Amino acid sequence: MIGTHALLGVAAVSLGMVLTPGPNMIYVVSRSVTQGRRAGAISLAGVAVGFGVYLTATALGLSVVFVAVPQLYLAVKLAGAAYLLWLAWQAVRPGGVTAFAPGELAHDPPRRLFAMGLLTNLLNPKAAVLYLTLIPQFLDPAAGNLLAQGFVLGAVQISVSLTVNLALVLTAGVVATFLARRPRWLRTQRYVTGTVLGALACKLATDSSRAAVA
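Residues numbered from 1 in each chain as written. Predicted model: local features only at pLDDT ≥ 70, side-chain atom pairs only at ≥ 80, totals over all residues. Heavy atoms only, no water.

What about the side chain of Asn 24?
So, point 1. Summarising the element assignment, Asn 24 is placed in helix H2 (residues 23-35).
So, point 2. Overall, the relative accessible area of 14% leaves Asn 24 in the buried class.
So, point 3. There is a polar contact of 3.1 Å between the side chain of Asn 24 and the side chain of Asn 121. (Helix = DSSP H or I, 4+ residues; strand = E, 2+ residues; numbered from the N terminus. Buried < 20%, exposed > 50% of the residue type's maximum accessible area, 1.4 Å probe, protein only. Polar contact = N/O pair within 3.5 Å; in protein donor to acceptor, adjacent residues only side chain to side chain.)

Right under this line is the structure:
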């Protein structure tokens, strides 16, 4: 049986991570603002499946492959960095818009919303490393099946992430209205978002660390 300290520990770390702006949050918020809460929720469902894919793959040994074949990890990492840079450019380019700007974007069908949410999450290789380095710290061999414990603790992380992002889906419209009445704030938020994404991309691309067994 998993101890309370393990559950609370994973929840606390997960909360700290999800409150840091990232591509998942930006994509979900942008779809919520431009297409409504339903679109944001569908996009978030894709993100959730992405977490599930990484959790399952990590539990079954994908991260071990990253350790054995560092070139594969490097390729995935660089793909994720390139995607972050693209998102950053979309935010700061001339005529770019913030995730909270209620634009006239074409409404994507549910299938595409879900797929893009999934892709946004899968293109972050740190997700796999997160599960490899975080979850093992809270596993207790005396508490029973380690694989089952890993899935339970992973479910805690996913639940925390989904709860926070769902709150953003429900409030994105209010925040967008607030910013729309304050153009300077809206412009500042756009450049801050682009800067954060660019910094994340550079950090990801230049990080010399790789997946390692905890």
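Points about the environment of Gln 157
So, point 1. When you line up the elements, Gln 157 lands in helix H8 (residues 146-180).
So, point 2. Sequence separation between Gln 157 and Val 18 is 139 residues; the distance between their C-alpha atoms is 9.4 Å.

A closer look at the packing of H2 against helix H6 (residues 110-122)
Between two packed helices, the angle of one axis relative to the other and the distance separating the axes together describe the packing.
So, point 1. Between H2 and H6, whose axes approach to 9 Å, the crossing angle comes to 160°. When the axis of H2 is compared with that of H6, the two are roughly antiparallel. Seen from above, H2 lies across H6 with right-handed handedness. Seen from H2, the contacting residues are Pro 23, Asn 24, Tyr 27, Arg 31 and Gln 35; seen from H6, they are Arg 112, Leu 113, Met 116, Gly 117, Thr 120 and Asn 121.
So, point 2. Its residues assigned to classes, the contact of H2 with H6 comprises four nonpolar, five polar and two charged. (Axes fitted to C-alpha atoms, helices over the stretch in contact; angles between N-to-C directions. Parallel < 35°, antiparallel > 145°, perpendicular 65-115°, else oblique. Left-handed = near helix turned anticlockwise from the far one by under 90°. Contact = heavy atoms within 4.5 Å. Nonpolar A, V, L, I, M, F, W, Y, C, P; charged D, E, K, R; others polar.)

Some remarks on a nonpolar patch on the surface
So, point 1. A cluster of nonpolar side chains, namely Val 49, Val 53 and Phe 114, defines an oily patch on the protein surface of about 210 Å² accessible area.
So, point 2. Structurally, Phe 114 can be placed in helix H6.
So, point 3. Overall, the relative accessible area of 31% leaves Phe 114 in the partly exposed class. (Patch = residues over 30% accessible without salt bridge, like charges linked within 9 Å, V, L, I, M, F, W, Y side chains within 5 Å. Areas by Shrake-Rupley, 256 points an atom, 1.4 Å probe, with all protein chains shown as cover. Salt bridge = Lys/Arg side-chain N within 4 Å of Asp/Glu carboxyl O.)

Brief notes about the nonpolar core
Grouped burial of nonpolar side chains is what soluble globular proteins tend to show.
So, point 1. Counting 16 residues, the largest nonpolar core has Tyr 131 and Leu 153 as the members making the most contacts within it.
So, point 2. No other element matches the five residues that helix H3 (residues 37-59) contributes to this core. (Core = buried A, V, L, I, M, F, W, Y, C linked by side-chain atoms within 4.5 Å.)

Let's talk about the pattern of salt bridges
So, point 1. Taken as a whole, this structure holds two salt bridges when the rule is applied.
So, point 2. Residue Asp 108 pairs with Arg 112 through a salt bridge whose shortest N-O separation is 3.5 Å.
So, point 3. Asp 108 sits in the buried class, given a relative accessible area of 19%.
So, point 4. Beyond isolated ion pairs, a larger network of salt bridges with shared partners links Arg 31, Asp 108 and Arg 112.

Fair warning: the whole summary comes from geometry, so function is off the table for now.
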